Amino acid sequence: MSLIGVLGGGQLGRMLALAGVPLGLRFRFFDPSPDAPAAALGQHVCAPYDDIASLTRFTDGLDVATYEFECVPTPTAAFVNGRGRLFPSPLALGVTQDRLVEKQFIRRLGLHTAAFAAVDDGDHLASVLVSVGLPAVMKRRRHGYDGRGQMVVRTAAEAEHAWVALGRQPVVVEGFVPFDRELSLVIVRGRSGETRAYPLVENHHRDGVLHWSLAPAPAIPAALQAEAELAAGCILNALDYTGVLTVEFFEHRGRLLVNEIAPRVHNSGHWTIEGAETSQFENHLRAILGLPLGSTAAIGCSILHNIIGALPDTATILAQPHTYLHVYGKAPRPGRKLGHVTTRVAEARDIGSRLLHMQRLFKTGSVRHDAARVRRAEEERAHTAAPADIGGAP
Ligand SMILES: Nc1ncnc2c1ncn2[C@@H]1O[C@H](COP(=O)(O)OP(=O)(O)O)[C@@H](O)[C@H]1O
Ligand SMILES: [Mg+2]
């Protein structure tokens, strides 16, 4: 029975274990939080990421290790890799932890991104805005997620305010992309180099947080799927990657721009649990263990809804046909991802009516989420007449 070590014990770790236990795998999680959602499904080493004695205990007897979020400190990843095998490699972490390094890496591969430039001190902000253009999105280089640590700015004055509101920390300034839609590609590469991609997914964010997705994304020409797979394949090869990787794209005038990459299973791939032949979680485990990869074909069409801020009524959700509820075991908090619901339909033509129906059910959750957004925006704008938070139209 292989023992898998997972750095991080959030919902992604929990769903990895839910996929791996039927394969006879055991799990050990490293997470500083005593309330880590994955702890219910395996051993839990609860310690800070720089606690060498605990990391040693964590790595003892592991067959293989992985990580489920990209903020694992790189020295921690290097330590675990030195005592065993860590997949994906620490290199993938290093590249994706810093938005500037990530974008430069993507550009070096010849892939398209929004215009961008780095700002390390406020003095250069004005000249960078001239080169990137307005409106723009200012993003902290590190530790941003779910739209946190970034703001849309429409004028130079707003950018000055954003620089202060974001804590005068190094940022990437990106041109605002008036995209037609957001797409993501979840792809897996095995230890032998074999790769398999899931169909592109269409993602709908609200204030930088993923709210719902359609999988497979409707109306994707074969050439666009191929373009996405080619781009992702370049990234996988450049990183000599093993495991699941996700690439977020903006579709803009028929072209794909890479927004960001995640070296892990991804929220926009949760539909694969019931909506694909093999889930992203199982395929990640197969990849890091050197096992054959499973089919990434979709079964019908899926609608994925995130549960944000407050849990819906369980009975109401379970009364829906072909609908699957996942609750992560996290304490409810405004703006927090607490779970997700996947609804499957047999035919693409049935998506519209199911989507409408499910969105009605989620209305209460959305209202609460809006309250959370307002509060978060207020926090970020403290002490400053602030520019618009991400998600506002430019
Ligand atoms: N340059 C941009 N132009 C337009 N929208 C953007 C841009 N950058 C980010 N966004 C919006 O904000 C969301 C979150 O930004 P992203 O860079 O993916 O950061 P996070 O790490 O928080 O997911 C995106 O999914 C998109 O909706
Ligand atoms: Mg993103």
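Thresholds, definitions, all that
Residues numbered from 1 in each chain as written. Chains lettered and ligands numbered in written order. Predicted model: local features only at pLDDT ≥ 70, side-chain atom pairs only at ≥ 80, totals over all residues. Heavy atoms only, no water. Helix = DSSP H or I, 4+ residues; strand = E, 2+ residues; numbered from the N terminus. Buried < 20%, exposed > 50% of the residue type's maximum accessible area, 1.4 Å probe, protein only. Contact = heavy atoms within 4.5 Å. Areas by Shrake-Rupley, 256 points an atom, 1.4 Å probe, with all protein chains shown as cover. Lys, Arg positive; Asp, Glu negative; His and termini not counted. Charge placed at Lys NZ, Arg CZ, Asp CG, Glu CD. Donors = N, O, S within 2.8 Å, 3.2 Å for Na, K, Ca; no water. Pairing = 2+ DSSP bridges. Axes fitted to C-alpha atoms, helices over the stretch in contact; angles between N-to-C directions. Near = heavy atom within 4 Å. Polar contact = N/O pair within 3.5 Å; in protein donor to acceptor, adjacent residues only side chain to side chain. Domains from an automatic or database assignment. Core = buried A, V, L, I, M, F, W, Y, C linked by side-chain atoms within 4.5 Å. Buried area = accessible area lost by both parts, 1.4 Å probe. Salt bridge = Lys/Arg side-chain N within 4 Å of Asp/Glu carboxyl O. pLDDT = per-residue confidence, 0-100.

### Points about the overall build of the protein chain
Across its full length, the protein chain carries 13 helices and 17 strands. Projected onto the principal axes, the alpha-carbon positions of the protein chain cover approximately 60 × 50 × 40 Å. A burial count over the protein chain gives 54% of its 394 residues as buried. Look at the contacts in the protein chain between residues 6 or more apart in sequence, and 63% of them connect residues 24 or more apart. Accessible surface computed for the protein chain: about 16100 Å², of which carbon and sulfur atoms make up 54%. Averaging the coordinates of the 40 positive side-chain charges in the protein chain and doing the same for the 39 negative ones gives two points 2 Å apart.

### What about the coordination of the magnesium ion (ligand 2)?
The protein atoms that coordinate the magnesium ion (ligand 2) are Glu248 (OE), Glu248 (OE) and Glu260 (OE), at distances spanning 2.0 to 2.8 Å. You can see Glu248 sitting in strand β13 (residues 243-252) and its partner Glu260 sitting in strand β14 (residues 255-262), a full twelve residues away along the chain. Classification of Glu260 as partly exposed rests on a relative accessible area of 21%.

### Focus on unusual backbone geometry
Put simply, Leu134 and Pro135 share a cis peptide bond, and its omega is -5°. Within the fold, Pro135 resides in the loop between α6 (125-132) and β6 (136-140). A cis amide bond, omega -10°, links Ala215 with the succeeding residue Pro216. Mapping Pro216 onto the fold places it in the loop between β12 (209-215) and α8 (222-238). For Asp207, which is not a glycine, the phi torsion comes out positive at approximately 55°. Mapped onto the fold, Asp207 is located in the loop between β11 (201-206) and β12. Given a relative accessible area of 11%, Asp207 falls into the buried group. Its identity is not glycine, yet Asp240 carries a phi of approximately 45°, on the positive side. Checked against the element boundaries, Asp240 lands in the loop between α8 and β13. With relative accessibility at 57%, the residue Asp240 sits in the exposed group.

### Here we look at the sheet that holds strand β4 (residues 64-67)
In spatial order, the strands read β3-β2-β1-β4; together these four strands make up an open sheet with parallel pairing. Here the strands that pair on one side only, and so sit at the sheet edges, are β3 (43-45) and β4. Geometrically, the sheet is characterised by an average inter-axis angle of 25° between neighbouring strands, direction not taken into account. Against the sheet, helix α1 (residues 11-20) touches β1 (3-7), β2 (26-30) and β4, its axis set at about 170° to β2.

### Some words on the site of ligand 1
Neighbouring ligand 1 are 21 residues, the closest being Lys139, Gly147, Glu174, Glu182 and Asn259. Measuring from an oxygen atom of ligand 1, one finds a side-chain N or O atom of Gln150 at 3.1 Å. Between His205 and ligand 1, the recorded distance is 3.4 Å, taken from a side-chain N or O atom to an oxygen atom. Burial of ligand 1 by the protein amounts to 94% of the accessible area it has alone, namely 540 Å². Mapped by element, the contributors of at least two residues to the shell around ligand 1 are β6, β8 (171-175), β13 and β14. Mapping the shell around ligand 1 onto the domain boundaries places at least three of its residues in each of domain 2 (115-175) and domain 3 (181-374).

### A word on the nonpolar core
Residues Leu7, Phe30, Leu185, Ile235, Val247 and Phe249 are the most contacted members of the largest nonpolar core, which totals 41 residues. Looking at which domains feed residues into this core, each of domain 1 (3-86) and domain 3 (181-374) gives three or more. Sequence-distant contacts of Phe30, that is, excluding residues within four places in its chain, are made with Val6, Leu7, Gly8, Gly9, Val45, Ala47, Pro48, Tyr49, Ser54, Leu55 and Phe58.

### Comments concerning the environment of Asn237
If you trace the backbone, Asn237 turns up in helix α8. Separated by 211 residues in sequence, Asn237 and Arg26 place their C-alpha atoms 29 Å apart. A distance of 3.5 Å separates polar atoms of two side chains, one belonging to Asn237 and the other to Arg189.

### So, the domain arrangement of the protein chain
Considered domain by domain, the protein chain is made up of domain 1 (3-86), domain 2 (115-175) and domain 3 (181-374). Between the C-alpha centres of domain 1 and domain 3 the distance comes to 23 Å. Domain 1 puts 19 residues into the contact, and the matching count from domain 3 is 20 residues. With both chains or domains summed, domain 1 and domain 3 bury close to 1700 Å², and 70% of this area falls on carbon and sulfur atoms. Applying the counting rule to domain 1 against domain 3 returns one salt bridge. The tally of links from domain 1 across to domain 3 stands at five residue pairs in polar contact (both at pLDDT 80 or more).

### Some thoughts on the environment of Ala197
As for its position among the elements, Ala197 is in strand β10 (residues 195-197). With 47 residues separating them along the chain, Ala197 and Val244 place their C-alpha atoms 9.4 Å apart. If we ignore the near neighbours within four places in the chain, the residues touching Ala197 are Leu185, Val186, Ile187, Glu229 and Thr296.

### Overview of the confidence of the model for the protein chain
Residues at a pLDDT of 70 or more form 92% of the protein chain, whose mean pLDDT is 92. Highest mean pLDDT in the protein chain belongs to helix α10 (residues 280-288) (99); lowest belongs to helix α13 (residues 363-380) (46). Low pLDDT, under 50, characterises residues 381-394; the stretch is placed with 40 contacts to residues that sit more than four places away or in other chains.

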